[in-house]
Amino acid sequence: LKSLLFKKEDTISKVLKGEMFLPGLEGHFNVERFPIQYEGALRASVYFLRWISDKVYAEESTSKYERLYSNLVKNNPVAILLLDDEMKIVSSNPAFESMFGYSRIDIEGRSVEEVLTDESNLEEAVNFSRQILGGKVVQSLVQRKHKNGLLIDVALFGIPIEVENKVVNAMVLYQDETELNEAREAVSMLRRENDERSNLEQVISQAKQEWEATFDAVNDLVLVTDTEQKIIRCNRSVIQHFNTTYK
């Protein structure tokens, strides 16, 4: 029997009992053995082989996706919280712990509002929680509290997780917007400075034009020279009087 099921002589010593893969039958089976005794001696054995490949493959597939999900969350640079149906923290990833300064032990079992908000944004956070528990995806630019009490600018994404049309968990993602906001402010400051410089250049240009118009309107001969008495500027009266050009 064992040679038939395993197809290898070195596996004949295997115990035929419980869940196992049987190469000879090309599948996973649950094996049950019932010994038959007569007059105190084993006379025969009855084996029941129940095919369970679908169950095994489903469990393997589930385990694979659970590992993929775990790695995706663990290695994600975005801060992630997994919450239960009361918006209490179930788990967090390393990026969350780095961004907000909390360890998993600090926050597991506590409400997300208790951990990340203060009086200034508590009402907003509670409203977001209600929307997520109501099955709505939430997205907003907000401020959330670091462990040291300082507020951090973040992009918040709240995602309800539903089973049979019921929200059983929620996932909340936080993207740090501090550096981006600082970059935006720097760009805005450069734009303001550029606008101010442009306005100043316009004022100077206009003043120069007005000065030149006034300079040329004077009827007297006006000449401007350098330290070596070389003419560097003159008005229109000089040009007309000497019948020459500016060059």
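Cut-off values and rules
- Residues numbered from 1 in each chain as written.
- Predicted model: local features only at pLDDT ≥ 70, side-chain atom pairs only at ≥ 80, totals over all residues.
- Heavy atoms only, no water.
- Core = buried A, V, L, I, M, F, W, Y, C linked by side-chain atoms within 4.5 Å.
- Buried < 20%, exposed > 50% of the residue type's maximum accessible area, 1.4 Å probe, protein only.
- Contact = heavy atoms within 4.5 Å.
- Helix = DSSP H or I, 4+ residues; strand = E, 2+ residues; numbered from the N terminus.
- Polar contact = N/O pair within 3.5 Å; in protein donor to acceptor, adjacent residues only side chain to side chain.
- Patch = residues over 30% accessible without salt bridge, like charges linked within 9 Å, V, L, I, M, F, W, Y side chains within 5 Å.
- Areas by Shrake-Rupley, 256 points an atom, 1.4 Å probe, with all protein chains shown as cover.
- Salt bridge = Lys/Arg side-chain N within 4 Å of Asp/Glu carboxyl O.
- Pairing = 2+ DSSP bridges.
- Axes fitted to C-alpha atoms, helices over the stretch in contact; angles between N-to-C directions.
- Phe/Tyr/Trp six-rings, centres within 6.5 Å; stacked < 30°, edge-to-face > 60°.
- Expected span 1.5 Å × (residues − 1).
- Arc of directions from axis to C-beta.

**Q** I'd like a description of the nonpolar core, backed by residues and values.
**A** Ranked by size, the top nonpolar core spans 23 residues in total, and within it Leu81, Leu83, Phe96, Phe100, Leu116 and Tyr174 carry the most contacts. Setting aside chain neighbours within four positions, we find Leu116 in contact with Leu81, Phe96, Phe100, Tyr102, Arg144, Lys145 and Tyr174. Counting residues in each nonpolar core, the second largest holds five residues, with Val73, Ile80, Met171 and Leu173 among its members.

**Q** I'd like a description of the side chain of Arg144, backed by residues and values.
**A** With respect to the helices and strands, the residue Arg144 is situated in strand β6 (residues 138-145). Here Glu124 takes part through its side chain, which lies 3.1 Å from a polar atom of the side chain of Arg144.

**Q** Tell me about a nonpolar patch on the surface, residues and numbers included.
**A** A surface patch of nonpolar side chains, amounting to about 400 Å² of accessible area, comprises Leu221, Leu223, Ile231 and Phe242. Among the structural elements, Phe242 can be located in helix α8 (residues 236-242).

**Q** Please give an account of the sheet that holds strand β4 (residues 79-83) that cites residues and values.
**A** Across the sheet, five strands lie side by side as β5-β4-β8-β7-β6; this open sheet has antiparallel pairing. Across the chains shown, the open sheet's two edge strands, defined by having one partner strand only, are β5 (89-92) and β6. For this sheet, the mean inter-axis angle between neighbouring strands, taken without regard to orientation, is 30 degrees. Pairing of strand β7 (residues 151-163) with strand β8 (residues 166-176) involves 10 bridges; the strand directions are antiparallel.

**Q** How would you summarise the environment of Val137 if you had to cite specific residues and measurements?
**A** Tracing the backbone shows Val137 in the loop between α6 (122-133) and β6. On the basis of relative accessible area, Val137 is assigned to the exposed category, the value being 54%. Spatially, the C-alpha atom of Val137 lies 9.8 Å from that of Val172, the residues being 35 residues apart in sequence. Ignoring anything within four residues of it in the chain, the contact list for Val137 reads Gly158 and Pro160.

**Q** Can you break down the packing of aromatic side chains residue by residue, with the values?
**A** Per the counting criterion, the structure on display carries three aromatic pairs. Ring geometry for Phe96 against Tyr174: centres 6.1 Å apart, planes inclined by 50 degrees, an arrangement best described as tilted. Remark: Tyr174 occurs in strand β8 and Phe96 occurs in helix α3 (residues 94-100); sequence separation between them is 78 residues. Clustering of aromatic rings is evident, with ring pairs tying together Phe96, Phe100 and Tyr174.

**Q** Tell me about the pairing of strand β10 (residues 231-234), and please be specific about residues and values.
**A** The pairing of strand β9 (residues 223-225) with β10 spans three bridges and is classified as antiparallel. Opposite Leu223, over in β10, you have Cys234 as the bridge partner. The turn joining β9 and β10, which pair antiparallel and follow one another in sequence, is formed by five residues; a positive phi near 65 degrees is taken by Gln229.

**Q** Let's hear about α6: which residues, and what values?
**A** For α6, which comprises 12 residues, the first-to-last C-alpha distance of 17 Å matches the rise-based estimate of 16 Å (1.5 Å per residue) to within 8%. Listing the buried residues of α6 in full gives Ala125, Phe128, Ser129 and Ile132. Summarising the axial view, the buried residues of α6 lie within an arc of 100 degrees, below the 170-degree limit, and thus occupy one face. In α6, the exposed positions angled more than 90 degrees off the buried face are occupied by Glu123 and Arg130. Among the structural elements, α5 (112-116), β6, β7 and β8 are those in contact with the buried residues of α6.

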